[in-house]
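So the chains spell out like this:
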Amino acid sequence: MKAMAGRVVPAPEGHLAAAQLRPSQSRRGFIRNSVTTGALAVTGSAFAQARTDPTLVPPWTRSLGAPVVTTGYGMPSKHEANVQRRQSPGLTPQPQASISFTPLQNLFGIITPSGVHFERHHSGMPEVDPQQHRLMIHGLVKRPLMLTMDDIMRFPSVSRIHFIECGANGGMEWGNVAVPTVQYTHGMIACSEFTGVLLSTLLDEAGVDRAQGKFVLAEGADGSALTRTIPIEFALSDVMVVYGQNGEMLRPENGYPLRLLVPGVQGVSSVKWLRRLEVGDKPWNTREESLHYIDLLPDGMHRQYSGVQEVKSVITMPSGGQKLVGKGYYEITGLAWSGRGKVKRVDVSVDGGRDWQTARLQEPVLSKALTRFRLDWNWDGAPALLQSRAVDETGHVQPNIHQLRAVRGVRSIYHNNAVQTWRVQPDGEVWNVQVA
Ligand SMILES: Nc1nc2c(c(=O)[nH]1)N[C@H]1C(S)=C(S)[C@@H](COP(=O)(O)O)O[C@H]1N2
Ligand SMILES: [Mo]
């Protein structure tokens, strides 16, 4: 029953994904009701029930179910068809250079199901044949390598849980364009268990020149031949050459059959459909690190090679486009992360940042991974301003949008890690706002 308090209702208007969240009078009352009656009045929720009498046997108990699916790939229930990646209308009119956003408002825990992991392609999604795919490793190495997928999968492997966040996540909020839902404000992030080979293992095999080699260039096999420079300190620490995602091979849209994963660094460095790694002694200054992925500052200068995704968090429920149906208990929940390591603490405010309460962190709390936080809240029906503010293990504190704008102006697209505010109106509707 508890799940009913926060279910997302399919919105007739589609991409706005409005939701209705049902409260109880108090948390204790809620639990007592659930235990003694096994049901609550949930009219208007996603699970509005045809019958409330628990002694009636439902039709699906009175007949045989569908046969076991012995072949094929399992899909979510048809009742969950609203859980979709979505594109932002008008944001990227060219469908090959586009973004689809993760439906954060519909997800639990910290792992993003592969089918709703956001997508960002610069030149569309190539269809790569794993039999023909090769990874070349060359440059300042003693033994240049040309590896097949089979070769790569014979190296010692590791599995690690990490987020991938596009540097442009939250970019629209710089200039106060308040997009309606958390899917659009923060949905260019996802978190998976990735399996592959540490790049350091491959660079050792190639005999990297540790004196001269200062940078690694990674190139993708798609039409954009996307290229990014990775500093060797990153390359030799936790960077992975990945083929597995959430227990299976990468999805085509996430780089099948091979991608780079640069944990904690903006997504563009995690080059998909990885075909080439070159060791060099200076940054390459490619198109994607000189024309794009730079931050234009108020004085006309720009920041370049700004890679690490700083500490950040967002409340995913209640969040923009959802609707609270009546006063009472709600669990405020959301996600926090840092490209510098583990999340240490998340504070939540329901009054726009005047008072803060420390949220519970769900284990496991992992380095450069999403962390789930939760806080109990009794909504009194008055207007509320919900915010979360994360602190990471290096002591970095998530800034507010005004602090960020004071330093970076409003012409940046990338690296907005500001505190997000959701306004709960007396009618229960939740809106994306920026507070003074
Ligand atoms: N080859 C290649 N790699 C790429 C891209 C691309 O277009 N081509 N997009 C980059 C960007 S900008 C991001 S944010 C991440 C997104 O990864 P995803 O599509 O798996 O979410 O991939 C990066 N790697
Ligand atoms: Mo990106």
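Scroll up to find the structure.
One structure accompanies this document, and this report is about it. What you are looking at is a predicted structure, and each value in this text was computed from that prediction instead of being measured. (Residues numbered from 1 in each chain as written. Chains lettered and ligands numbered in written order. Predicted model: local features only at pLDDT ≥ 70, side-chain atom pairs only at ≥ 80, totals over all residues. Heavy atoms only, no water.)

### Notes on the pattern of salt bridges
One side chain can pair with another of opposite charge once the charged atoms of both are near each other.
Moving on, step 1. Enumeration over the complete set of coordinates arrives at 19 salt bridges.
Moving on, step 2. Glu-289 serves as the salt-bridge partner of Arg-228, at 3.9 Å between the closest nitrogen and oxygen. Of this pair, Arg-228 sits in strand E9 (residues 227–231) while Glu-289 sits in helix H6 (residues 287–290), and the two are 61 residues apart along the sequence. As far as burial versus exposure is concerned, Arg-228 and Glu-289 are alike and both buried.
Moving on, step 3. A salt bridge links Asp-347 to Arg-389; its shortest N-O distance comes to 3.6 Å. Pair noted here: Asp-347 is in strand E19 (residues 343–349) and Arg-389 is in strand E23 (residues 384–392), with a separation of 42 residues, a long-range link. (Salt bridge = Lys/Arg side-chain N within 4 Å of Asp/Glu carboxyl O. Helix = DSSP H or I, 4+ residues; strand = E, 2+ residues; numbered from the N terminus. Buried < 20%, exposed > 50% of the residue type's maximum accessible area, 1.4 Å probe, protein only.)

### Describing the site of ligand 1
Moving on, step 1. Taken together, 21 residues lie near ligand 1, and Phe-118, His-122, Asp-222, Asn-254 and Lys-272 sit nearest.
Moving on, step 2. Asp-222 is positioned such that a nitrogen or oxygen atom in its side chain is 2.7 Å from a nitrogen atom of ligand 1.
Moving on, step 3. With respect to ligand 1, the backbone of Ser-270 contributes an N or O atom lying 3.1 Å from a nitrogen atom.
Moving on, step 4. Considering ligand 1 on its own, with 530 Å² of exposed area, one finds that the protein chains cover 100% of that surface.
Moving on, step 5. Residue contributions to the shell around ligand 1 peak at three residues, all from strand E3 (residues 119–121).
Moving on, step 6. Grouping the constituent residues of the shell around ligand 1 by class yields seven nonpolar, eight polar and six charged. (Near = heavy atom within 4 Å. Polar contact = N/O pair within 3.5 Å; in protein donor to acceptor, adjacent residues only side chain to side chain. Areas by Shrake-Rupley, 256 points an atom, 1.4 Å probe, with all protein chains shown as cover. Nonpolar A, V, L, I, M, F, W, Y, C, P; charged D, E, K, R; others polar.)

### Regarding the nonpolar core
Moving on, step 1. The biggest cluster of nonpolar side chains holds 51 residues, and the ones touching the most others in it are Leu-135, Ile-137, Leu-203, Val-241, Leu-260 and Leu-277.
Moving on, step 2. Setting aside residues up to four positions removed in sequence, Leu-277 forms contacts with Leu-135, Met-136, Ile-137, His-138, Leu-199, Val-216, Leu-217, Ala-218, Val-241 and Leu-260. (Core = buried A, V, L, I, M, F, W, Y, C linked by side-chain atoms within 4.5 Å. Contact = heavy atoms within 4.5 Å.)

### Points about the sheet that holds strand E8 (residues 215–220)
Moving on, step 1. What the five strands build is an open sheet, ordered E5-E4-E13-E8-E9; its pairing is mixed. Of all the strands in the sheet, the pair left with one neighbour each is strand E5 (145–148) and E9. With direction set aside, neighbouring strand axes in the sheet form an average angle of 15 degrees.
Moving on, step 2. For E8 and strand E13 (residues 274–280), the ladder comprises six bridges, and the chain directions are antiparallel. Within E13, the position partnered with Val-216 by the bridge is Val-279. (Pairing = 2+ DSSP bridges. Axes fitted to C-alpha atoms, helices over the stretch in contact; angles between N-to-C directions.)

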